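Okay, here's what each chain looks like letter by letter:
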Amino acid sequence: MKIVSYNVNGIKARLPRLVEYLTEQQPDIVCLQELKSAEDGLPLKDIEAAGYHGVWHGQKGFNGVAILARGTMPVERQRGLGGEREDEHSRYIEAAVGDMIVASIYLPNGNPIPGPKFDYKLRWIDRLRARARDLLAEERPVVLAGDYNVIPNDDDTFSVAAMAGDALMQPESRAGYRALLAQGWTDALRTRFPAGGIWTFWDYQAGAWQRDAGFRIDHLLLSPQAADRFADAGVDKLYRGRDKASDHAPTWVTLRA
């Protein structure tokens, strides 16, 4: 089973690339982030024509997450995180696909720092951790897939100096991510590439793609029951280099049946 996390950076703008990816790779489950579209404007017919059904949590112009499954309909379990009643951001959706529980996550960026956006990011990590703890208690295979907007380690970026002042690499952001892992989650990509040096994002600016000046912010975290089935993980990097591509590459894990 191949499970993919893919920040599409606007599903309407990237629809040809998304359909291309689904058709060529035929992953079993795809967690999308940054749809930037209200639900009534989503290109559902194109997705279904590619063989996928989905559950969606859209938002006009910003955020937005979804879970797609090949040949079957995901069963939605939860959308949004508790803890802030006034939070209207579309950043979390959770579904069951067969025996698997999957969540698509778009964690806040947090810039500029310091400030209210960074404070919101840290509170959001705390709220995610609370939900993750509940999911672990179910003792089922679970994958938390998404754009976490956290660079966990120094070897997860092309340049520590370049990112030192960014919310993605602040000690508080990293501490929140480590606390999540400490619950018992396995970082799939880190497991496959323990020495780091593998990127999932390349900015559109300053020739980042051409210079391979990227960093790792897209993560797939596995519950112990999912980690027991771990087979491989990686980044479909070449899709980042295609015409009018997202600034993220599809990031994936494969699990044994």
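It should be emphasised that the depicted structure is a prediction, and the values quoted were computed from it without experimental measurement.

Student: I'd love a proper account of the sheet that holds strand S12 (residues 218-222), names of residues and values included.
Tutor: On the basis of which strands lie adjacent, the open sheet formed by six strands has the order S5-S6-S7-S8-S12-S9 and mixed pairing. Whereas interior strands pair on both sides, the edge strands pair on one side only; in this sheet they are strand S5 (75-79) and strand S9 (186-187). Direction of pairing for strand S6 (residues 92-97) relative to strand S7 (residues 100-106): antiparallel, over a ladder of six bridges. Each residue of the ladder has a partner; that of isoleucine 93, found in S7, is serine 104. Lying on the sheet, helix H3 (residues 116-137) is in contact with S5, S6, S7 and strand S8 (142-147); it crosses S6 at an angle near 20 degrees. The strands touched by helix H5 (residues 171-182) are S9 and S12; relative to S12, the strand with the most contacts, the crossing angle is about 25 degrees.

Student: Help me get a handle on the packing of aromatic side chains, residues and values and all.
Tutor: Scanning the model with the defined rule gives five aromatic pairs in all. A ring pair is formed by tyrosine 148 and tyrosine 177, whose centres lie 5.8 Å apart and whose planes are at 90 degrees; its orientation type is edge-to-face. Placement of tyrosine 148 in the loop between S8 and helix H4 (160-163) and of tyrosine 177 in helix H5 is noted, with a sequence separation of 29 residues between them. Taking relative accessible area as the criterion, tyrosine 148 reaches 1% and is therefore assigned buried. Seen in terms of ring centroids, phenylalanine 201 and phenylalanine 215 are 5.0 Å apart; in terms of plane orientation they differ by 35 degrees. Their pairing is tilted. With phenylalanine 201 in strand S10 (residues 201-202) and phenylalanine 215 in strand S11 (residues 214-215), the pair connects residues that are 14 residues apart, well separated along the chain. Considered together, phenylalanine 201 and phenylalanine 215 belong to a single accessibility category, that of buried residues.

Student: Lay out the confidence of the model for the protein with the relevant residues and their values.
Tutor: When pLDDT is averaged along the protein, the result is 97; 100% of the residues meet or exceed 70. Within the protein, S12 carries the highest mean pLDDT (99), whereas helix H2 (residues 44-49) carries the lowest (96).

Student: Report on the side chain of glutamate 94, specifying residues and quantitative values.
Tutor: Within the fold, glutamate 94 resides in strand S6. Of the polar contacts made by the side chain of glutamate 94, one reaches the side chain of tyrosine 92; its length is 2.5 Å. Setting aside residues up to four positions removed in sequence, glutamate 94 forms contacts with Ile67, Val75, Glu76, Arg77, Gln78, Ile101, Val102, Ala103, Arg131 and Leu135.

Parameters at a glance
Residues numbered from 1 in each chain as written. Predicted model: local features only at pLDDT ≥ 70, side-chain atom pairs only at ≥ 80, totals over all residues. Heavy atoms only, no water. Pairing = 2+ DSSP bridges. Helix = DSSP H or I, 4+ residues; strand = E, 2+ residues; numbered from the N terminus. Contact = heavy atoms within 4.5 Å. Axes fitted to C-alpha atoms, helices over the stretch in contact; angles between N-to-C directions. Phe/Tyr/Trp six-rings, centres within 6.5 Å; stacked < 30°, edge-to-face > 60°. Buried < 20%, exposed > 50% of the residue type's maximum accessible area, 1.4 Å probe, protein only. pLDDT = per-residue confidence, 0-100. Polar contact = N/O pair within 3.5 Å; in protein donor to acceptor, adjacent residues only side chain to side chain.

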